[in-house]
Amino acid sequence: MKIKATIAILVLFSVTIKAQEINFKINGGPSGILYDSNIGEGKLKFGGGIGVGYTYFFSNHWGISTGVDVTYNQNSFELNNGTTISTYEVDDQTSAFEYRVTPTNYKEDQHFIGFAIPLMMQYRTSIASQTQLYFGFGGKIMFPGKQTVKASASELQLNGYYPDVNLLIDDLPSHGFGKVTNWQDKTTVSLDPAFMLSFETGLTFKLAEKTKLYTGLYIDYGLTDLAKEAPNTNIVGYNPNGLDNIPANGTIGNSRIVQESRYLSAGIQLKLGFSLAKDKPELVQAKAEPVTQTETAPVEKEVPVQQKVAEAVPAKKELTTEERNYIEKEPLAFQEIGNTSVTPELASRLDEIAKILRSNKDTDLNITGYTCDIGTEKRNLEIGMKRAQAVADYLQNKGIESNRMHLFSKGESEPLVPNTPAENKPQNRRVSLTLIDAK
């Protein structure tokens, strides 16, 4: 037993180490037991699940994945009115009889939690620079917990038929025969493990260098019955002491009521995938090592060079006229109404501005936001400040100290051009930059 456990741990460890991607998922949709019954009808209800998995890609397109899923499943089952369920029981006098139960408006609300282990092939192919189409197909084995059953009926007619004396008793409450109204009870039923076919498909979107978002659809279909093999039982138990506390037994264990009980789950799925592959720069450094013949000399020479370059940057004290004009002359355009985000066009220019400001630490920057005359004066002052803040945040992310930047908003008060005609308004939605030299 210890050897088997050790092998299992080693296999799991091996899979973990070799996995190129770890993912976390959440899904939801109709999920539960798909019943096949001649005298009743089952309906799936909304369920869902979470899971963690590992995927090992052995080529650019193909991989294999496994993991652990936890699912919550629920459905209902209703018996047709007029149905009588019969089983053989023994009364308190040890006499055998046929126990006949005829329910009206009988219904069960059922749910259970399952644990599944998938083994699936994965295929992916690019359809855009940051987007991929993916497919997954394979199988799962699910280990269900006990099914919780909440049963109810507007009426139960409980009869006892004694074939030896050809006697039918339908109104003897003290011995458990008669009519019960507004009945309800709860019970639990054991389920068998199930093997399932699984399929999923959708799109992946690259969120970061090693992070992907998977969006798509999934379906799991059971190949084996969930009903546990057991002698047929009636939907309710026999109580020889009266009509109180009639216990529920559930319908799934009675093969005369339910002929098949297959698992089915389908819906929408979201996954976050995190790549475990090594960065490419590490490979470049590894190839570059044999070129160096000595280990100490290059290191000693390179470090001082880097330090000299770093020290040389602050040596520049004055900006050129060309650099000043590049920063101050042309305002930053925020042409769309209400836009307070840095556009890709502005980002390209701000990158150059940040490069200039990093080379001169003695220069501060006034950042002033403006709007056109659409909207209230108060709202325009707020938008102007948000535009100035967006520019400052971008420059700060590029290495410009926040204490070097001073933010202002003038809203609609100082238009660059008249706001009439309307074609002029976009020019007034802007941010201006003014350099402040140290005294």
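Refer to the structure above for everything that follows.
Now for a quick tour of the structure. (Residues numbered from 1 in each chain as written. Predicted model: local features only at pLDDT ≥ 70, side-chain atom pairs only at ≥ 80, totals over all residues. Heavy atoms only, no water.)

1. Observations regarding the packing of helix α5 (residues 344-358) against helix α6 (residues 377-397)
So, point 1. Two numbers describe how α5 lies on α6: the axes approach to 10 Å, and their chain directions differ by 55 degrees. Judged by the angle between their axes, α5 and α6 are oblique. For the crossing formed where α5 meets α6, the hand is right-handed. Contacts between α5 and α6 pair A347, L350, D351, I353 and A354 from the former with V391, Y394 and L395 from the latter.
So, point 2. Taken together, the residues that form the contact of α5 with α6 break down as seven nonpolar, no polar and one charged. (Axes fitted to C-alpha atoms, helices over the stretch in contact; angles between N-to-C directions. Helix = DSSP H or I, 4+ residues; strand = E, 2+ residues; numbered from the N terminus. Parallel < 35°, antiparallel > 145°, perpendicular 65-115°, else oblique. Left-handed = near helix turned anticlockwise from the far one by under 90°. Contact = heavy atoms within 4.5 Å. Nonpolar A, V, L, I, M, F, W, Y, C, P; charged D, E, K, R; others polar.)

2. Thoughts on the packing of aromatic side chains
So, point 1. Enumeration over the complete set of coordinates arrives at 13 aromatic pairs.
So, point 2. Plain terms: the ring middles of F97 and Y238 are 5.0 Å apart, the flat faces sit at 70 degrees to each other, and that makes the pair edge-to-face. Of this pair, F97 sits in strand β6 (residues 96-104) while Y238 is found in the loop between β13 (211-222) and β14 (260-275), placing the two residues 141 residues apart along the sequence.
So, point 3. Aromatic pair Y134 and Y214: ring centres 5.1 Å apart, planes at 80 degrees, arrangement edge-to-face. Placement of the pair is Y134 in strand β8 (residues 131-144) and Y214 in strand β13, with a sequence separation of 80 residues.
So, point 4. Classification of Y134 by relative accessible area gives buried; the value is 2%.
So, point 5. Classification of Y214 as buried rests on a relative accessible area of 5%.
So, point 6. Through successive ring pairs, a cluster of aromatic residues spans F97, Y99, Y162, F177 and Y238.
So, point 7. One residue, R124, lies across the ring of F57, its end atom 3.6 Å from the ring centre. (Phe/Tyr/Trp six-rings, centres within 6.5 Å; stacked < 30°, edge-to-face > 60°. Buried < 20%, exposed > 50% of the residue type's maximum accessible area, 1.4 Å probe, protein only. Lys NZ or Arg CZ within 6 Å of the ring centre and 35° of its normal.)

3. Notes on the environment of E260
So, point 1. Summarising the element assignment, E260 is placed in strand β14.
So, point 2. On the basis of relative accessibility, which here comes to 32%, the residue E260 falls in the partly exposed class.
So, point 3. Distance in space between the C-alpha atoms of E260 and I33 is 9.4 Å, their sequence separation being 227 residues.
So, point 4. Filtering out sequence-adjacent residues up to four positions away, E260 remains in contact with L34, Y35, D36 and D225.

4. Topic: the pairing of strand β18 (residues 430-437)
So, point 1. With two bridges joining them, strand β15 (residues 332-333) and β18 adopt antiparallel strand pairing. Note on β18: the bridge partner recorded for L332 is V431.
So, point 2. In the sheet, strand β16 (residues 363-370) pairs with β18 via seven bridges, with the strands oriented antiparallel. Paired with L365 across the strands is L435, a residue of β18. (Pairing = 2+ DSSP bridges.)

5. Focus on the nonpolar core
So, point 1. By size, the foremost hydrophobic cluster in this structure holds 37 residues, and its most contacted members are Y99, L156, L158, W183, I235 and V236.
So, point 2. Those elements giving two or more residues to this core turn out to be β1 (21-36), β4 (62-79), β6, β7 (107-128), β9 (147-162), β11 (178-189) and β12 (194-208).
So, point 3. At six residues, β9 tops the list of elements feeding residues into this core.
So, point 4. Setting aside anything within four residues of it in sequence, one finds Y99 in contact with I85, S86, T87, E89, L158, N159, F177, N234, V236, G237 and Y238.
So, point 5. L346, A347, Y394 and I400 belong to the second-largest nonpolar core, a separate cluster that totals 23 residues. (Core = buried A, V, L, I, M, F, W, Y, C linked by side-chain atoms within 4.5 Å.)

Purely geometric stuff here, so don't read any function into it on its own.
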